[in-house]
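Summary of the model geometry
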Amino acid sequence: MLTPLAPLLALVLTACSGPAAPPPDTRAPIAPTGLTATSGSATTVHVMWSAATDDRAVTGYVVHRDGRPVKELPGTSLMTDVVGLTPATRHTFTVHARDAAGNVSPPSATVSVTTLRAAAEDRTPPTAPASLRAAADGSGAAVLTWAPARDDTRVTAYDVHQADVRIHTAPGTVTTARVTGLRPGTAYSFTVRARDAAENTSADSPHADLTTAPAPGAPANTAPTGLTATSARGAVTLTWTPPRTGRPVTHHELHLDGRFATTIVWGAAPPAGRATYTFTVQDPPGTRHTLTLRARLPDGTWGDFSAPRTVVVR
């Protein structure tokens, strides 16, 4: 008499069991590629690599020096400085990728570098690199070139900055760099600083702007162009050229250090050609800020961000 209920009970149990748990992640990431190591001083080495891949996601990297782990970094980091080294000493470096399940990739290719010799006390920074040029290399990379800096001893490294953040380091013997990981259809601004063996750093080179190629089928870039930022006592003045939208651009958004700061609204007709806006700052002299602008388009949406500018409060 109870037998006919058995299939029904099995169906109820199956329905209540919920979806099957995903299989455990046992596949390790692919090893990082493109590893480079540059000694910028007698005690530091700058290590960079290209992103590893994983069937789910890379969540971290481990940098090894001479076979031992020395740095653990999040999966969004693709470079680091290894400090506290001994002058004139050879070191080898590898990088491993790791995923959320704790699977660790094979090591990257090994690179070796020798830290610079310790020099006599040097407090004179190099001159700023000159004639910086940036050329888009497809939609996700850029090639930078510049004129060499001068130093009373020698230039040991060049640091490439984007929006006041170092994103690449090149040896002092070269005057070009290829920057990857850029987004399609996006405006960027780059500067380069020179360093010597005593870690003296030059002023910024002149900035170089570029806009990467848009993704296939994407609309044209709508960023304001020619942005400049100058600082005077307690104030910063911006000038720029609004995008061409077919109608007057009456609103712009100002972002400070990546956060919304204010909306610039013209009380009457917007200015023809170059626009100017001045705002007050209360930060101590020497404070650095990164500024970007975007315009409100005729359809009411906000357009693309301008290339960023860095300003020092005076």
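The structure under discussion appears in the preceding block.
Here the residue numbering is sequential within each chain, running from 1 through the sequence in written order. Per-residue local features are limited, in this predicted model, to residues with pLDDT of at least 70; the limit for side-chain atom pairs, both in listing and counting, is 80 or more; totals at the level of whole chains, interfaces and linings are taken over all residues. Only hydrogens and water are removed before side-chain values are computed, so all heavy atoms of the structure are retained for them.

Comments concerning the sheet that holds strand β18 (residues 259-265)
We count it as follows: Here a strand pair is declared whenever DSSP counts at least two bridges between the two strands. By the criteria applied, helices consist of DSSP H or I runs no shorter than four residues and strands consist of E runs no shorter than two, each listed in order from the N terminus. Throughout, an axis means a line fitted to C-alpha atoms (over the contacting stretch in the case of helices), and angles, computed between N-to-C directions, take values from 0 to 180 degrees.
The 4 strands lie next to each other as β18-β17-β20-β21, forming an open sheet whose pairing is antiparallel. Edge positions in the open sheet fall to β18 and β21 (309-312), since each of these has one partner strand only. In this sheet, adjacent strand axes meet at a mean angle of 30° when their direction is disregarded. The sheet contact formed by strand β17 (residues 251-256) and β18 spans 6 bridges and is antiparallel. Within β18, the position partnered with Glu 253 by the bridge is Thr 263.

Points about the side chain of Glu 253
Convention followed: Buried, partly exposed and exposed residues are distinguished by accessible area as a fraction of the type maximum, computed with a 1.4 Å probe on protein chains only: under 20%, between the cut-offs, and over 50%, respectively. Within 3.5 Å is the distance limit for a polar contact, defined as a pair of N or O atoms, with the added protein rule that one can donate a hydrogen and the other accept it, and that residues adjacent in sequence qualify only through two side-chain atoms. Residue contacts follow a heavy-atom distance rule, with two residues in contact if any of their heavy atoms lie within 4.5 Å.
Inspection of the secondary structure assignment puts Glu 253 in strand β17. Look at Glu 253 and you get buried, because its relative accessible area is 10%. For Glu 253, the side chain forms a polar contact with the side chain of His 255, separated by 3.0 Å. Those residues in contact with Glu 253 that lie beyond four places of it in its chain are Phe 260, Thr 262, Thr 263, Thr 292, Leu 293, Arg 294 and Trp 302.

Here's the deal with the packing of aromatic side chains
We count it as follows: Aromatic rings from Phe, Tyr and Trp, with only the six-membered ring used for Trp, were paired whenever their centres fell within 6.5 Å, and each pair was classed as stacked if the ring planes differed by under 30 degrees, edge-to-face if by over 60, and tilted otherwise.
One pass over the structure, following the stated rule, counts 5 aromatic pairs. Ring centres 6.3 Å apart and planes at 25° place the aromatic pair Trp 240 and Trp 266 in the stacked group. Here Trp 240, found in strand β16 (residues 235-241), pairs with Trp 266, found in the loop between β18 and β19 (275-280); they are 26 residues apart in sequence, far enough to count as distant. Of the two residues examined, Trp 240 and Trp 266, each falls in the buried class.

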